[in-house]
Amino acid sequence: MHGLNPQQQAAVRHVDTPLLVLAGAGSGKTRVIVEKIVHLIEAKGTPANGIWAVTFTNKAAREMGERIAQRLPADRRRGLNISTFHTLGLKLIRRETAAFGLRPGFTVLDAEDSLNLIKSLLAQNEAAAGLLEPKEAQRQISAWKNDLLTPSRAATAAADEVEAAIASLYHDYDRQLTACNALDFDDLIKRPVELLRDDSDARERWQRRVRYLLVDEYQDTNTSQYELVRLLVGPLARLTAVGDDHQSIYAWRGARPENLSHLARDFPRLATIKLEQNYRSVNTVLTAANQLIANDPTTQPKRLWSAVGPGEAHRVLVCDTADDEAERIATDILHRHFKDQTPYRHVAILFRGNHQARLLEQQLRKLSIPYQLTGGQSFFERAEVKDAMAYLRLMSNPSDDAALLRIINTPRRGIGPTTLERLGLIARERRTHLAEAARSISAEQRLDPRVHHQLLQFLDWLDAARLDINARPAAEAMRTLLEEIDYAAYLRDQENSSKAAERRWTNLQDWLEWTERIGIDNDSGEALSLTELVQKMSLLGILEQKTRDQDDDAVRLLTLHAAKGLEFPHVYLSGMEEDLLPHQDCQEDDRLAEERRLCFVGITRAQKSLTFTLTKRRRRYGQWRDVRPSRFLEEIDADLLRWEGIGVQKSEEEHRATAAEAMSTIRAMLDNAGKP
DNA sequence: TAGTGTTAGATTTTT
DNA sequence: TCTAACACTA
C-alpha cells in the first residue's frame, strides 16, 4: 500500500460493495488495479483463480500481468485470470461448448473472414447484393450483435428496406457460421451473455467461479460487454470498474460511456472514488487539458492537478502547408535531440487521421530521424501469415469454410471460382459446410469430374495432414506442410523480385517461431492443444507479440486514438485545424464532444512539453483550401499558448533560423565525436 | 489469369 | 487528386 495516495488506498481497500473508480488521465489507475489484486490475494485471502481482471487489448492485459508478476511470487498468483473481454468470452464458450451448439475445435473468424463470408452470401442473393454494401452490412450486423439483437429482432426493428435486407443477411450469416462451426468476434461476448441470461445453472456456476471482477477502461464497454459484467458478478456484485468519461473516444464503434452512470442505477450500493492527482504531466499541460474538457457538457467535472512542476506555455506552430508543418516538426525534433540530448523515443507526433503520417514520415526520413509508425496494416494481416493460419485452422476445424476458401487454390490446384460457386450452392442447399458438400452425391453429379477428383484428393490430403499435426508439435508439422505444398515456390511465383519472396518467407519463419512460443500455456507451462493454440492465435494480433525492441530509440508516430494509455515527455499535436480536429464529419453535438475528448487525450499524453501545429492552407481531395485554427485552441487560455509563425515572412525566417541552428549543432556534435 | 479501365471514397479500430 | 478495389476483356 506504500506510495499510494489516500484516494488510491481507499479504492484498493474497498471490497465489500461495488466500486466505481473515476480515474483521471495519468492518475495511476493501472497501479490501483494491480494493488487491489495484490490486496485481494494477500490481505483478503481471495483465491487467485477467483479473481478476474478484464481489459480491452491484449497489450493492456499483458502489461497488467507483468506488473502483478513483479508484486507476487508465481505460486501466489497462479490461476489469476487477466484477459481481454473477448478472451474471457472464449474461455467461457470453451467450457460450455456443447451448450452453444458448437463442436470442439470451433473457429473464431476475424473481420476479414467475416467480410468475405458476407460477400459470398451476397453473391448468392442478387436482390440483396444490389441493395447492400458488404462493409456497411458487416458494420450493422456487428452493431446489432453488440446491442444483443437477434436476427429476428433486428428484422422487426428494421427502419427501412436496407436494414431489412441486412437483417435477413444477418440471419443467413449466423446460420452459415453455425454450419462452419465458427463464431465471429462479436459472438465471443454476445453468446456468453445469452447463455448466462437463459441458463440459471450455468449462471450460478460462473458466478461462483468469479469471486471478484475488475474491469479496466470501463467507459469503453458496449451494451453486451456491460451485460456480461452484470451477469458474471451477479447479486453479490463484487466488482471494481475503473474508467474515465473524459477519455471516452470509442462511441463511434459502439462503446457506451453512459455505462459509467448506469452502474449507479444497476448497483444501488455502488461507491464512487475519484482519482484526480496526476503523476504524469507538468501543470501547464493539465491546465490546458482542464480548460478544454470543461467545455464537454456530456461528462462529469474532474480537475486534474499534479506536483510534477509548473511547465512552460505550449507552442503553437502556424505553418504554411502540410509539407511545411511536417518539415518544421522534424527540424524541431532534430534540434531538441542535439541541443538537449532528448532521446528520440521521448518524442511522439500525434494526428487525427493516418493519412497525415505520410508527409511526416517523408520529412523524418529526409533528416534521418528514426521513427516508429504504429497502426497501418499489421504483420498479422499479411497474406502469407493468413494463409498459414488458414491451413492451421483447417487442421483444427475441418468445416472452417473461410479458411478453406482462402487456401483451396493457394497454391494453385486448378479449383477456380466456378467450382467454388457451385460448391457453395450445394453447401447452402444441404445446410452444411464446403468440405462435406464436396463429398456429397450432388457434388459428384454437378461438378466437373476432373476438378471434383482434384477436390477430393485435396480434402484427403488435408485429413492426412490433420493426423500428422495432432501427432507432433504444431509448428513442426506446419513446417512439413509448407514444404509439401511448396509454399516457397508459390511465393517466388507470386513476387517479381526474389527479395520480396524472401521477405515473405522470412515472415513465415517468424510466424512459425511465434507459434512455438505461444504454444505453451502461460500459467501451467504445458503445451496447448491444437484447438487451444489456433483459438489463442485468432485473438492475439501478432503485431503485439512482435513488439519491436523496447529500447529502440525512435520517434513515435500515432493517431490520437492509438495514443490513449501512453505517455511521452514531448508531444507534437499536428493538424490542429477545423475539419481535421474536430473532423469535418463530427460537427453534430455528441460527435463534437467526442472530438474534444480526443484532443484531451492527446494533450494529456504530454509529460513535459506540448507543441500544437497547424497549417494555413491544406490540400483536400485535390483542392487547396484555406484553413481555420481548431476551435479547441480557442478553448485554452491565451496565456498558455505561444503562437509562432503567424506572418508568412516571419515564419520562413524562423524556419530557416531553426534549421540552420539545428544543422550547426549537428556539425558541432559530429566534430566533437570525430565520426558520424 | 494478367492487364486495363472504372468508380467510389477519402476518420478513428480492437478483438 | 490519388488510391485501391472491382469488373471487364483479351
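Residues numbered from 1 in each chain as written. Chains lettered and ligands numbered in written order. Predicted model: local features only at pLDDT ≥ 70, side-chain atom pairs only at ≥ 80, totals over all residues. Heavy atoms only, no water.

Enquirer: Let's hear about the overall build of chain A: which residues, and what values?
Expert: In terms of helices and strands, chain A carries 32 helices and 19 strands. Since a compact globule built from 676 residues should have a radius of gyration of about 26 Å, the 27 Å found for chain A is in line with a globular shape. Once the C-alpha set of chain A is aligned to its principal axes, its extents read approximately 80 × 65 × 55 Å. The contacts in chain A between residues at least 6 apart in sequence include a share of 77% that link residues at least 24 apart. Positive and negative side-chain charges of chain A, numbering 93 and 99 respectively, have mean locations separated by a distance of 3 Å. (Helix = DSSP H or I, 4+ residues; strand = E, 2+ residues; numbered from the N terminus. Rg over C-alpha atoms; globule rule 2.2 N^0.38 Å. Contact = heavy atoms within 4.5 Å. Lys, Arg positive; Asp, Glu negative; His and termini not counted. Charge placed at Lys NZ, Arg CZ, Asp CG, Glu CD.)

Enquirer: So what about the confidence of the model for chain A? Which residues, and what values?
Expert: Mean pLDDT for chain A: 88, with 93% of residues reaching 70 or above. Counted against residues more than four places away or in other chains, residues 544-550, with its pLDDT under 50, gives 13 contacts. (pLDDT = per-residue confidence, 0-100.)

Enquirer: Residue-level account of the pattern of salt bridges, with values.
Expert: Counting across every chain of the model gives 46 salt bridges. Residue Glu-429 pairs with Arg-446 through a salt bridge whose shortest N-O separation is 3.1 Å. Taken as a pair, Glu-429 in helix α20 (residues 417-429) and Arg-446 in helix α22 (residues 441-446) lie far apart in primary sequence, 17 residues in all. Salt bridges here are not isolated pairs; linked through shared partners, they connect Lys-29, Asp-216, Glu-217, Asp-220 and Lys-564. (Salt bridge = Lys/Arg side-chain N within 4 Å of Asp/Glu carboxyl O.)

Enquirer: Outline the sheet that holds strand β13 (residues 371-373), supporting the account with residue identities and numerical values.
Expert: Spatially, the seven strands line up as an open sheet ordered β13-β14-β12-β15-β16-β11-β19, and their pairing is parallel. Lying at the two open borders of the sheet, with one neighbouring strand each, are β13 and β19 (641-644). Pairs of neighbouring strands in the sheet enclose a mean axial angle of 20°, with direction left out of account. Relative to strand β16 (residues 606-615), strand β11 (residues 314-319) runs parallel, the two being bridged by five bridges. Paired with Leu-317 across the bridge in β16 is Thr-613. (Pairing = 2+ DSSP bridges. Axes fitted to C-alpha atoms, helices over the stretch in contact; angles between N-to-C directions.)

Enquirer: Any chance you could break down the pairing of strand β6 (residues 212-215) for me, citing the residues and the numbers?
Expert: Of the two faces of β6, both are covered, the one formed by Tyr-212 and Leu-214 as well as the one formed by Leu-213 and Val-215. When strand β2 (residues 51-55) meets β6, the two strands line up parallel, connected through four bridges. Bridge pairing in β6 links Val-54 to Val-215. When β6 meets strand β7 (residues 239-243), the two strands line up parallel, connected through three bridges. In the sheet register, Leu-214 faces β7, and the bridge partner there is Thr-240. (Buried < 20%, exposed > 50% of the residue type's maximum accessible area, 1.4 Å probe, protein only.)

Enquirer: I'd like a description of the packing of helix α24 (residues 474-484) against helix α26 (residues 498-518), backed by residues and values.
Expert: Relative orientation and spacing of two packed helices are given, respectively, by the angle between their axes and the distance between those axes. At their nearest, the axes of α24 and α26 sit 9 Å apart, and the two run at 155° to each other. Considering their axes alone, α24 and α26 lie roughly antiparallel with respect to each other. Residue-level contacts link Ala-475, Met-478, Arg-479 and Leu-482 of α24 to Trp-505, Leu-508, Gln-509, Trp-511, Leu-512, Thr-515 and Glu-516 of α26. When the residues that make up the contact of α24 with α26 are grouped by side-chain class, the tally is seven nonpolar, two polar and two charged. (Parallel < 35°, antiparallel > 145°, perpendicular 65-115°, else oblique. Nonpolar A, V, L, I, M, F, W, Y, C, P; charged D, E, K, R; others polar.)

Enquirer: So, the protein's contact with DNA strand C: which residues are in play, and what are the values?
Expert: Close to DNA strand C lie Lys-119, Tyr-621 and Gly-622, which account for all nearby residues. In the model, a phosphate oxygen of DNA strand C is placed 3.4 Å from a nitrogen or oxygen of the Lys-119 side chain. (Near = heavy atom within 4 Å. Polar contact = N/O pair within 3.5 Å; in protein donor to acceptor, adjacent residues only side chain to side chain.)

Enquirer: Break down the sheet that holds strand β3 (residues 81-84) for me, citing the residues and quoting the values.
Expert: One open sheet accounts for six strands, arranged β3-β2-β6-β7-β1-β8; its pairing is parallel. A single partner strand is all that each edge strand has here, and the edge strands are β3 and β8 (271-275). Adjacent strand axes in the sheet meet at a mean angle of 15° when their direction is disregarded. Across four bridges, strand β1 (residues 19-23) lies against β7 in parallel orientation.

Enquirer: Could you give me a rundown of the protein's contact with DNA strand B, with the residues and numbers involved?
Expert: If you check the shell around DNA strand B, you find 22 residues, and the closest are Asn-58, Arg-352, Asn-354, Arg-412 and Thr-559. When the atoms of DNA strand B within 4 Å of the protein are sorted by group, sugar and phosphate make up 52%. Side-chain polar atom of Arg-352 to a base oxygen of DNA strand B: 2.4 Å apart, as the coordinates give it. Between DNA strand B and the protein, one listed contact pairs a base oxygen with a side-chain N or O atom of Arg-591 at 3.0 Å. In terms of residue class, the surface near DNA strand B is made up of six nonpolar, ten polar and six charged.

Enquirer: Quick one: what's the story with unusual backbone geometry, residue by residue and with numbers?
Expert: For the bond running from Thr-410 to Pro-411, omega is -5°, close enough to zero to count as cis. With an omega dihedral of 5°, the bond running from Leu-581 to Pro-582 counts as a cis peptide bond. Among the structural elements, Pro-582 can be located in the loop between β15 (568-573) and α30 (589-603). Positive phi, close to 65°, is recorded for Leu-148, a residue that is not glycine. If you trace the backbone, Leu-148 turns up in the loop between α8 (134-146) and α9 (151-157).

Enquirer: Any chance you could break down helix α25 (residues 487-494) for me, citing the residues and the numbers?
Expert: Considered for burial, the residues of α25 that qualify are Tyr-487, Ala-488, Tyr-490 and Leu-491. The buried residues of α25 occupy an angular sector of 160° when projected down its axis, which confines them to one face. Residues of α25 that are exposed and point more than 90 degrees away from the buried face comprise Arg-492 and Asp-493. Turning to α25, the residues buried within the fold contact α18 (383-396), α24 and α26. (Arc of directions from axis to C-beta.)

Enquirer: Please provide a residue-by-residue account of the packing of aromatic side chains, values included.
Expert: Scanning the entire structure with this criterion turns up eight aromatic pairs. Seen in terms of ring centroids, Tyr-250 and Trp-252 are 5.9 Å apart; in terms of plane orientation they differ by 40°. Their pairing is tilted. For the ring pair Phe-458 and Trp-461, a centre distance of 5.9 Å and an interplane angle of 20° mean the geometry is stacked. Here Phe-458 and its partner Trp-461 are both found in helix α23 (residues 449-471), three residues apart, which amounts to about one turn of the helix. Since its relative accessible area comes to 4%, Phe-458 is described here as buried. An aromatic cluster of three or more residues is present, and its members are Tyr-391, Phe-458 and Trp-461. Its guanidinium or amino end placed over the ring of Trp-252, Arg-253 lies 5.8 Å from that ring's centre, counting from NZ or CZ. Seen from the ring of Tyr-621, Arg-620 lies directly overhead, with NZ or CZ sitting 5.9 Å from the centre. (Phe/Tyr/Trp six-rings, centres within 6.5 Å; stacked < 30°, edge-to-face > 60°. Lys NZ or Arg CZ within 6 Å of the ring centre and 35° of its normal.)

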